[in-house]
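An overview of the molecular structure
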Amino acid sequence: NRNRLIKGIGSDPTNYVLRNLDDIDAALADGKPSDSLQLARACLKKVKQIDNLPNKKEFVANLHSSIGCALLEMGSLDPALKEHKEDLNISNSIKSEEGKARALDNIGRTYARKGDYSEAVKYWEQRIPMPKTVLEAAWLYHELGRCCLELGRFSEAASYGEQSLDSATQANDDNWQINSSVLIAQAEVKLSRDEKALENFNRALKIAEVLDDKAVQDAISKAIQDVNYRIADNLRKGIVPEETADAVTHEEREPAAPAKAPTPTKVSTPPKKTPSTPPKEASPPTTPKKPTPPATPKEASKPATPKEAAKPATPKEATPAPKEPTPAPKTPATEEV
């Protein structure tokens, strides 16, 4: 058997690949993308030599995904994009919906990291009709909304934020409820709907207080102060929306001037299918699940092992960016707070 002549493969090539995929994922999760990249490339080289490997093309697609995720974490965006598109091509050729979902997640994430939000939206919108958990939906709609916010498509950003909030509420995930509420508020600020912005910022603040997250509380409180400052300024100019006049307190009429808008943070990544704890940052995905021999290779659409769920994205005009998830799968669209 020629497979036995390939050094290190042994008599069970499927088990060999699965073991290597575990090591590749672990290295990426441990913050060692260069080690993960080296392992993935070496494994791919050997997999291509193995005869009669069940689900060989799915393994190959998965390894391209792993290589792409490692390159993305190393900041090599164009090479990462090439790997994720190869994953998509192979997954389409073998009609693997899970592989296609994984690839679309990661292609969108890579374009968002490059700042090419239009392309990110194009690929992520293809992901919408595909199966996903409610937590994955919360991530996806949030990232789409962040991209639309960056593109100046504020109504779409608010709409995607509402869908993200609905999914996060169904998932009972506090962190993603904060993220989506802040996104909606940011879009409402851009649309000059200050009362709706305050409503959403206040919702996010209440959840942050329950979580006792001081950094996020401070960021959101500053955003609320900035919106109140604008409302008060409009009142001084005689611009009094009907719902505004009764909403602004005396203390809110004399706030400090808003601070300089912060720069956006890091693009997030799709969450695990069943995360045990809510991620802290809008996490970078690691590699997808491994295939089950021999019929189903690595579970594809589990885009990454997110670090913890993302802190809320900082509104461009108000909120100071909180500490840095992530990655999902394995990062508004743009940068998250």
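As the structure is a prediction and not an experimental result, all values here were calculated from the model.

Analysis parameters
Residues numbered from 1 in each chain as written. Predicted model: local features only at pLDDT ≥ 70, side-chain atom pairs only at ≥ 80, totals over all residues. Heavy atoms only, no water. Helix = DSSP H or I, 4+ residues; strand = E, 2+ residues; numbered from the N terminus. Buried < 20%, exposed > 50% of the residue type's maximum accessible area, 1.4 Å probe, protein only. Areas by Shrake-Rupley, 256 points an atom, 1.4 Å probe, with all protein chains shown as cover. Salt bridge = Lys/Arg side-chain N within 4 Å of Asp/Glu carboxyl O. Phe/Tyr/Trp six-rings, centres within 6.5 Å; stacked < 30°, edge-to-face > 60°. Axes fitted to C-alpha atoms, helices over the stretch in contact; angles between N-to-C directions. Parallel < 35°, antiparallel > 145°, perpendicular 65-115°, else oblique. Left-handed = near helix turned anticlockwise from the far one by under 90°. Contact = heavy atoms within 4.5 Å. Nonpolar A, V, L, I, M, F, W, Y, C, P; charged D, E, K, R; others polar. Core = buried A, V, L, I, M, F, W, Y, C linked by side-chain atoms within 4.5 Å.

Secondary structure assignment for the protein yields twelve helices and zero strands. What you see in the protein, going N to C, is helices and strands ordered as α-α-α-α-α-α-α-α-α-α-α-α. Burial statistics for the protein: of 337 residues in total, 55% are counted as buried. Per element, the accessible surface of the protein, about 14100 Å² overall, is 48% carbon and sulfur.

All chains considered together, the criterion is met by 14 salt bridges. Across the pair Arg230 and Asp194 runs a salt bridge whose closest N-O atoms are separated by 2.5 Å. Here Asp194 lies in helix H11 (residues 194–211) and Arg230 lies in helix H12 (residues 214–236), a separation of 36 residues in the sequence. With a relative accessible area of 26%, Arg230 lands in the partly exposed category. Overall, the relative accessible area of 9% leaves Asp194 in the buried class. The network of salt bridges with common partners includes Glu73, Arg109 and Arg113.

Below, the discussion takes up the packing of aromatic side chains. Under the definition given, this model contains three aromatic pairs. A ring pair is formed by Tyr111 and Tyr123, whose centres lie 5.7 Å apart and whose planes are at 20 degrees; its orientation type is stacked. Within this pair, whereas Tyr111 is found in helix H6 (residues 97–114), its partner Tyr123 is found in helix H7 (residues 117–127), the two being separated by twelve residues in sequence. For the pair Tyr111 and Tyr123, a shared accessibility class is recorded, and that class is buried.

Attention shifts here to the packing of helix H4 (residues 56–73) against helix H5 (residues 77–93). Interaxial distance between H4 and H5 falls to 8 Å at its minimum, and their mutual angle equals 160 degrees. Between H4 and H5, the angle falls in the class roughly antiparallel. As H4 packs across H5, the resulting crossing turns out to be left-handed. Residue-level contacts link Lys57, Val60, Ala61, His64, Ser65, Ile67, Gly68, Cys69, Leu71 and Leu72 of H4 to Leu77, Pro79, Ala80, Glu83, His84, Glu86, Asp87, Ile90 and Ser91 of H5. When its residues are assigned to classes, the contact of H4 with H5 shows ten nonpolar, five polar and four charged.

Ranked by size, the top nonpolar core spans 31 residues in total, and within it Trp124 and Leu144 carry the most contacts. Only H5, H6, H7, helix H8 (134–150), helix H9 (154–170) and helix H10 (174–190) provide two or more residues apiece to this core. Element by element, the count of residues in this core is highest for H8, at ten residues. Counting residues in each nonpolar core, the second largest holds 25 residues, with Leu28, Leu37, Leu53 and Phe59 among its members.

With that out of the way, let us pick up the packing of H8 against H10. Between H8 and H10, whose axes approach to 10 Å, the crossing angle comes to 25 degrees. With respect to H10, the element H8 is oriented roughly parallel. Note on packing geometry: the crossing formed by H8 with H10 is left-handed. From H8, Leu135, Ala138, Trp139, His142, Gly145, Arg146 and Leu149 reach across to H10, where they touch Trp176, Asn179, Ser180, Leu183, Gln186, Ala187 and Lys190.

Any functional reading would require information beyond the geometric quantities listed.
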